[in-house]
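These are the residues of each chain, in order.
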2 protein chains.
Amino acid sequence: MNKKKVSLKDIAEKAQVSTALVSYVLNGKEKESRVGHEIAVKIKAIARELNYEPNYLAKSLRSGKTQTIGLIIADISNPFFANIARIVEDEAKKNGYTVIIGSSDENAEKSRDLIAVFLNRQVDGFIIVSSEDSEEQIRYLLDKNVPFVLLDRHFPDLATDFVSLNSFKAAFDAGSHLIQNGYKNIGLIAYKSQLFHMQERIRGYRQSLAENRIPFQSTWLKEIGFETVEKEIRVGIDDMLAADFPVDALIFATYRLAIAGLKYINSLGLKVPDDLAIVSFGQAEVFDLYYCPITYVLQPMEELGKTAVEILIHKLKQPDADKKQILMEAKLVARDSSRLKVKVA
Amino acid sequence: MNKKKVSLKDIAEKAQVSTALVSYVLNGKEKESRVGHEIAVKIKAIARELNYEPNYLAKSLRSGKTQTIGLIIADISNPFFANIARIVEDEAKKNGYTVIIGSSDENAEKSRDLIAVFLNRQVDGFIIVSSEDSEEQIRYLLDKNVPFVLLDRHFPDLATDFVSLNSFKAAFDAGSHLIQNGYKNIGLIAYKSQLFHMQERIRGYRQSLAENRIPFQSTWLKEIGFETVEKEIRVGIDDMLAADFPVDALIFATYRLAIAGLKYINSLGLKVPDDLAIVSFGQAEVFDLYYCPITYVLQPMEELGKTAVEILIHKLKQPDADKKQILMEAKLVARDSSRLKVKVA
C-alpha cells in the first residue's frame, strides 16, 4: 500500500487547478478569495477521495509546540469572569499563546484538581482568579516556582505577582456617592468570605459611613453564603427594611448578588431609586436594560485581563523578573438608580 | 541532605497533636472540625518549616491519572454557553472527570488551535460547540476516531454523535405564537451563517408565516455579521420599521442579537410590546429584569449539557457503541413582550 502523504499539489493536479487555489479552499478561505462554489466542492471531494490529511491540524499536532496558558476562573457562569476570560484569550492569542480555561466554581477542591490537571498537561504558566481557601495551593505553586499571576483577587500575605482592583477605594466611593446624594441608611450585601477583596469592600463601605459620621448599624451589613444566595438575600433584605433604621440605599458587592437582590426588590414592588437606591459592583447588560439604569462600579476589565497576560508572558521570558503587584482603580458610573434623593415634604 | 519526605506524622509529633488534626488543618477543614485558631496557625507554621509538600496536589501530579474532557464552546462571553459549560463541569465532576475549556469565539482558526492543544495534552474526549467553517476539523476528528460529541450545533452531513435543539420547531413555535396573538408583520434577526441550527431557525420562522398565509417580505429577514452586530442591528431595525409593511413584532435568533436589538429599541423610545412585540432565543437574567419581561425560547440547557457528558462517557467506555443523535425540543415561555395585540380602534 502506498503510504506516501497526499500533498496539496497532488490534489491540484487531479483537479486541474493551482496549488494556491487548493490551499485556499482547504483552509476555508474560499469566501474571501471568490472561488466558485462548484470548483470548491470539487476540490474538497478530491481531497477526501485521496485521503488528504488537513495539514493545519496535523502540523500543530506533530510539533506539539503550541504555547499554552492555563486560566483558572472562579465561576464561568458569572459574566464578569466570562468576559475577562475572553479578554485574556484575545491578548494571549496576539502573543501566540492559546488559553485553556478551568472554572473552580468558588470551590478550593475543584481549583486544586484543575491546577493538577493543567500542570500535568504542561501549561507554560497560569493566570488564576483564586477561590476561597485556595491559599495553600497558591503557596505550593510559589514554592515550586511555577510561573503564575493572580487576577482580580490576591492574598496580601503571599508575595505573588497580581493584578487586582482597589476594592477598598471602590466601595468607599460607592458609599460616599450615595451619602452625597442624600441617602443615609446604607446597606451592603456582600459574600461571607475571607477573600481579601471581599473584606476590603466591607472595610471601604464602613469607612465611607465613618467619615460622614453615620453610625454603622449591624443590620445594614449582610454576608451571604455562596450556596444559599437566593434565600439569604430575601431574608437579609427583609431584615434591613424592617430594622430600626431601615435602609434607603443598598450596595451589592458583586454582580450575582445584585441580580438576586433586584429580582427580590421587584417582587416586593419597590421602586428604584425612590424606595431604594442601588449601587452595584460588577457590570453587565442587565444594568443598562433595567427600567432604571443601575449605578455601578466600572472595573477596568480590559486593563486587568491584558496586564495579567503581559506580566505572565514577561515572567515566562524572564523568570527572575521582579514581582509585579498592581492595584487598579475602579470608576463609579453614576446613573438613575442612585440619583439625588427626593425629600418628602 | 536528608531528602526523606515529610509526613503528616512528622508534623503531628513536632506540634504534639494527633495526625488526624494535622490532616484536618492542612486540608482546609479546620472550620468544620472546630479546631482552635492558634493550633491551626501553629500546625501550618510547622508544615512550612519542615517543607511539607501538600499531599493532595502532589498525589494527582505524580499519578497523572486525572480523567479529562476538553470542552470547546463557541463564545465564553455568551451566558448561554457559559452556563452550559458550568452544567457540563458539574456533570463531569460527578463522574470523576475534570473539564478544561477553550473558547473558539466563533472562529474556525481558534477552534482548530484549541483542538490541537487539547489533543496534544491528551484529553480523553471532546464536547464541541462548533463554530462556522469548522466542518473539516470535525471530519478530521471523525477520521482519526477521536471520541467526541457535538453540542448545540451539528452538521447534518456528518455522522457524528450530537445533542442539539430542534431549532426549526422552536422558531416555528415562536412565529406561530406571535401570529396567534395578533401580530402579522413579523421580522427575524438572525446571524449570517451557514451553521445548520441558524438556517433551521430561519426555515422555521418562514414556515410559520407560510402556514398562516402571511406573504414573507424580504425586508423582514436580517442576517447580521458576527463582527458587526451593533451597527448592522441598527440599520436592520431602521429598515424593517421603514418598510412598506413595517414590522410589529421581532424574533431574535440569539441572546446577543436580542441584547443589541433591545438597546437600540430603547434608544428609539419604542415601547415593548405596544410598538414592537419581542420573542427571543437564548435565556438570561436580563429577560426577567427588563421592564417588560421578554418571551423566550426555553432551551433545555441542563438536559443538553448532561446528555452530552453522558454520551461521551459512555463512548469512552464503549468506543464501538452506536452513534447517538439527539434533537431536543424547546419550550416557548410566553410573557408580556408578546402579549395579545391591542387593536387600534
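This one's a predicted model, so the numbers in the text were calculated from it and none came from an experiment. (Residues numbered from 1 in each chain as written. Chains lettered and ligands numbered in written order. Predicted model: local features only at pLDDT ≥ 70, side-chain atom pairs only at ≥ 80, totals over all residues. Heavy atoms only, no water.)

This part takes up the sheet that holds strand 10 (residues 295–298) of chain B. All names here are of chain B. Read across the sheet, six strands follow the order 7-6-8-9-10-12 without closing on themselves; strand pairing throughout is mixed. Because the sheet does not close on itself, it has two edges, and the strands there are strand 7 (221–224) and strand 12 (331–333). Within this sheet the neighbouring strands show an average axis-to-axis angle of 20°, counted without direction. Pairing between strand 9 (residues 277–280) and strand 10: two bridges, direction parallel. (Pairing = 2+ DSSP bridges. Helix = DSSP H or I, 4+ residues; strand = E, 2+ residues; numbered from the N terminus. Axes fitted to C-alpha atoms, helices over the stretch in contact; angles between N-to-C directions.)

On to the sheet that holds strand 10 (residues 295–298) of chain A. Residue and element names in this part refer to chain A. Here we have six strands laid out as an open sheet, ordered 7-6-8-9-10-12, and mixed in their pairing. Where the open sheet ends on each side, the last strands, each with one partner, are strand 7 (221–224) and strand 12 (331–333). When strand polarity is set aside, the average angle formed by the axes of neighbouring strands in this sheet is 20°. The pairing of strand 6 (residues 186–191) with strand 7 spans four bridges and is classified as parallel.

With 62 residues of chain A in contact, the opposing surface of chain B contributes 61 residues. Here chain A and chain B share an interface that buries about 5700 Å² over both sides, 58% of which is from carbon and sulfur atoms. In this structure, the connection of chain A to chain B is made through 15 salt bridges. Our count for the contact surface shared by chain A and chain B stands at 16 residue pairs in polar contact (both at pLDDT 80 or more). Listing elements by their share of the side of chain A that touches chain B, those giving two or more residues are helix 3 (37–49), helix 4 (55–63), helix 5 (79–94), strand 2 (97–103), helix 6 (108–120), helix 7 (135–143), helix 11 (255–267) and helix 12 (285–289) of chain A. Counting residues per element, the side of chain A that touches chain B draws most heavily on helix 6 of chain A, which supplies eleven residues. (Contact = heavy atoms within 4.5 Å. Buried area = accessible area lost by both parts, 1.4 Å probe. Salt bridge = Lys/Arg side-chain N within 4 Å of Asp/Glu carboxyl O. Polar contact = N/O pair within 3.5 Å; in protein donor to acceptor, adjacent residues only side chain to side chain.)

Further remarks concern the packing of helix 8 (residues 167–180) of chain B against helix 9 (residues 196–211) of chain B. All names here are of chain B. It is the contact of helix 8 with helix 9, at a shortest axis distance of 7 Å, that shows an interaxial angle of 35°. Judged by the twist between their axes, the crossing of helix 8 over helix 9 is right-handed. From helix 8, Ser-167, Phe-168, Ala-171, Phe-172, Gly-175, Ser-176 and Ile-179 reach across to helix 9, where they touch His-197, Glu-200, Arg-201, Arg-203, Gly-204, Tyr-205, Gln-207, Ser-208, Leu-209 and Glu-211. (Left-handed = near helix turned anticlockwise from the far one by under 90°.)

Residue and element names in this part refer to chain B. The first and last C-alpha atoms of helix 8 sit 20 Å apart over 14 residues, in line with the 20 Å expected at 1.5 Å per residue. Across the 14 residues that make up helix 8, a large majority, eleven, are buried. By the burial criterion, the buried members of helix 8 are Ser-167, Phe-168, Ala-170, Ala-171, Phe-172, Ala-174, Gly-175, Ser-176, His-177, Leu-178 and Ile-179. Positive phi shows up at Gly-182, right after helix 8, with a value of about 100°. (Expected span 1.5 Å × (residues − 1). Buried < 20%, exposed > 50% of the residue type's maximum accessible area, 1.4 Å probe, protein only.)

Here the focus is the domain arrangement of chain A. Residues and elements named next belong to chain A. Split into domains, chain A comes out as domain 1 (8–61), domain 2 (68–165 + 301–329) and domain 3 (167–299 + 332–338). Put simply, the middle of domain 2 and the middle of domain 3, counted by C-alpha atoms, are 28 Å apart. Counting residues at the interface gives 15 residues for domain 2 and 14 residues for domain 3. Together, Phe-80, Glu-132 and Leu-165 form the three largest contributors to the area buried by domain 2 at its contact with domain 3, with a combined 37%. Class assignment of the residues belonging to the side of domain 2 that touches domain 3 gives a composition of six nonpolar, four polar and five charged. (Domains from an automatic or database assignment. Nonpolar A, V, L, I, M, F, W, Y, C, P; charged D, E, K, R; others polar.)

This part covers the side chain of Glu91(A). All names here are of chain A. Among the secondary structure elements, Glu-91 is positioned in helix 5. Judged by relative accessible area, which is 11%, Glu-91 ranks as buried. Dropping the residues within four chain positions of it, Glu-91 is found in contact with Lys-306 and Val-309.

If the charged atoms of two oppositely charged side chains come close together, the side chains can form a pair. Under the definition given, this model contains 51 salt bridges over all chains. Through salt bridges with shared partners, one network takes in Asp75(A), Asp105(A), Lys110(A), Arg86(B), Glu89(B) and Asp90(B).

By a simple turn and slide, chain A fits onto chain B: the slide is 0.1 Å along the axis, the RMSD is 0.2 Å, and the turn is 180°. Classification of the inter-copy transformation places it as that of a two-fold axis. By residue overlap, the copies meet face to face through one surface: 98% of the interface positions of chain A are interface positions in chain B. (Least-squares fit on C-alpha atoms with pLDDT ≥ 70 in both.)

It is worth spelling out the environment of Gly70(A) at this point. Residues and elements named next belong to chain A. Examined against the element boundaries, Gly-70 turns out to sit in strand 1 (residues 67–73). Between the C-alpha atoms of Gly-70 and Phe-252, which are 182 residues apart in sequence, the distance is 30 Å. The contacts of Gly-70, once residues within four sequence positions are left out, are Ile-100, Phe-118, Val-123, Gly-125, Phe-126 and Ile-127.

Moving on, we come to unusual backbone geometry. Going from Val272(A) to Pro273(A), the amide bond is cis rather than trans, its omega being 0°. Looking at where Pro273(A) falls in the secondary structure, it is placed in the loop between helix 11 and strand 9 (277–280). Located in the positive-phi region is Gln16(B), a residue other than glycine, with phi close to 60°. Mapped onto the elements of the fold, Gln16(B) is located in the loop between helix 1 (8–15) and helix 2 (19–26). Notably, Asn145(B) is not glycine yet its phi reads approximately 60°, a positive angle. The class of Asn145(B) is exposed, set by a relative accessible area of 68%.

Scanning the entire structure with this criterion turns up 16 aromatic pairs over all chains. Geometrically, the ring pair formed by Phe80(B) and Phe81(B) is edge-to-face, given 5.4 Å between the ring centres and 70° between the ring planes. The burial state of Phe80(B) is the same as that of Phe81(B); both residues are buried. Each ring, one from Phe168(B) and one from Phe172(B), has its centre 6.4 Å from the other, and the planes form 15°; the classification is stacked. In this pair, Phe168(B) and Phe172(B) both sit in helix 8, four residues apart, roughly one turn of the helix. Note on accessibility: Phe168(B) and Phe172(B) belong to one class, buried. An aromatic cluster is built from Tyr255(A), Phe287(A) and Tyr296(A), whose rings are joined through pairwise contacts. Its end group placed over the ring of Phe216(A), Arg206(A) keeps NZ or CZ at 3.9 Å from the ring centre. (Phe/Tyr/Trp six-rings, centres within 6.5 Å; stacked < 30°, edge-to-face > 60°. Lys NZ or Arg CZ within 6 Å of the ring centre and 35° of its normal.)

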